[in-house]
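Per-entry structural report
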Amino acid sequence: MAALIVRCAIVIAALSPIWRRLYIEHFWVRARATVIRVDREPVRGGEVSGWGWVPTIEYYADGKRWIFPKSRFWPLLEYRVGDQFDILYNPRKPWRCIYDGWFHWILVAMFTGGLGIVVLLKPF
């Protein structure tokens, strides 16, 4: 019985990024954002440090213009100043936005599922 509970918990954890993305797709609002600036800034994270490109985006939501430095917007590495792309933003908190893509969410679900498989292959 304990093994079944562990397996169910692993499946729920593995699918949670996909469920989160489906929630965002359904309840958040789609908009267009524009890259207005790309700055080179120091990046510090754990054992890795160095320099990275930090794009600043602008978009209009709730009748206001929002300017936002997105340091964790890794898909923007392929964009240049002036390029536009789709985002989703929370209508209750318009300053919260995400890149409109599925790759990140699927990658996280695959990683979580892989960890789950490792745990399942381990004998109890």
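Quick look at unusual backbone geometry now. Of note, the phi angle at Asp-62 is positive, near 60 degrees, even though the residue is not glycine. Assignment of secondary structure puts Asp-62 in the loop between strand 2 (48–61) and strand 3 (64–69). For Asp-62, a relative accessible area of 58% corresponds to the exposed category.

Let us look at the pattern of salt bridges. In the structure shown here, the tally under the stated rule is 4 salt bridges. With its nearest N and O atoms 2.6 Å apart, the salt bridge here joins Arg-30 to Glu-25. Exposure remark for Arg-30: the relative accessible area of 43% places this residue in the partly exposed category. For Glu-25, a relative accessible area of 30% translates into the label partly exposed. A single network of salt bridges, built from pairs that share partners, joins Arg-21, Glu-25 and Arg-30.

Turning our eyes to something else, we now look at the side chain of Arg-21. Within the element layout of this structure, Arg-21 appears in helix 1 (residues 2–27). Given a relative accessible area of 0%, Arg-21 falls into the buried group. Those residues in contact with Arg-21, other than ones at most four positions away along the chain, are Leu-88, Asp-100, Gly-101, Trp-102 and Trp-105.

Here we come to the confidence of the model for the protein chain. For the protein chain, per-residue confidence averages 79 on the pLDDT scale, and residues scoring 70 or more make up 85% of the total. Taking the mean pLDDT of every element in the protein chain, the minimum, 76, falls on helix 2 (residues 103–121) and the maximum, 88, on strand 4 (residues 84–89).

The next subject is the packing of helix 1 against helix 2. Following both chains from N to C, one finds helix 1 and helix 2 inclined at 180 degrees, their axes separated by 9 Å at the closest point. Relative to helix 2, the element helix 1 is oriented roughly antiparallel. Across from Val-6, Arg-7, Ile-10, Ala-13, Ala-14, Pro-17, Ile-18, Arg-20, Arg-21 and Ile-24 in helix 1, the residues of helix 2 making contact are Trp-105, Ile-106, Val-108, Ala-109, Thr-112, Gly-113, Gly-116, Val-119 and Leu-120.

What counts as what
- Residues numbered from 1 in each chain as written.
- Predicted model: local features only at pLDDT ≥ 70, side-chain atom pairs only at ≥ 80, totals over all residues.
- Heavy atoms only, no water.
- Helix = DSSP H or I, 4+ residues; strand = E, 2+ residues; numbered from the N terminus.
- Buried < 20%, exposed > 50% of the residue type's maximum accessible area, 1.4 Å probe, protein only.
- Salt bridge = Lys/Arg side-chain N within 4 Å of Asp/Glu carboxyl O.
- Contact = heavy atoms within 4.5 Å.
- pLDDT = per-residue confidence, 0-100.
- Axes fitted to C-alpha atoms, helices over the stretch in contact; angles between N-to-C directions.
- Parallel < 35°, antiparallel > 145°, perpendicular 65-115°, else oblique.

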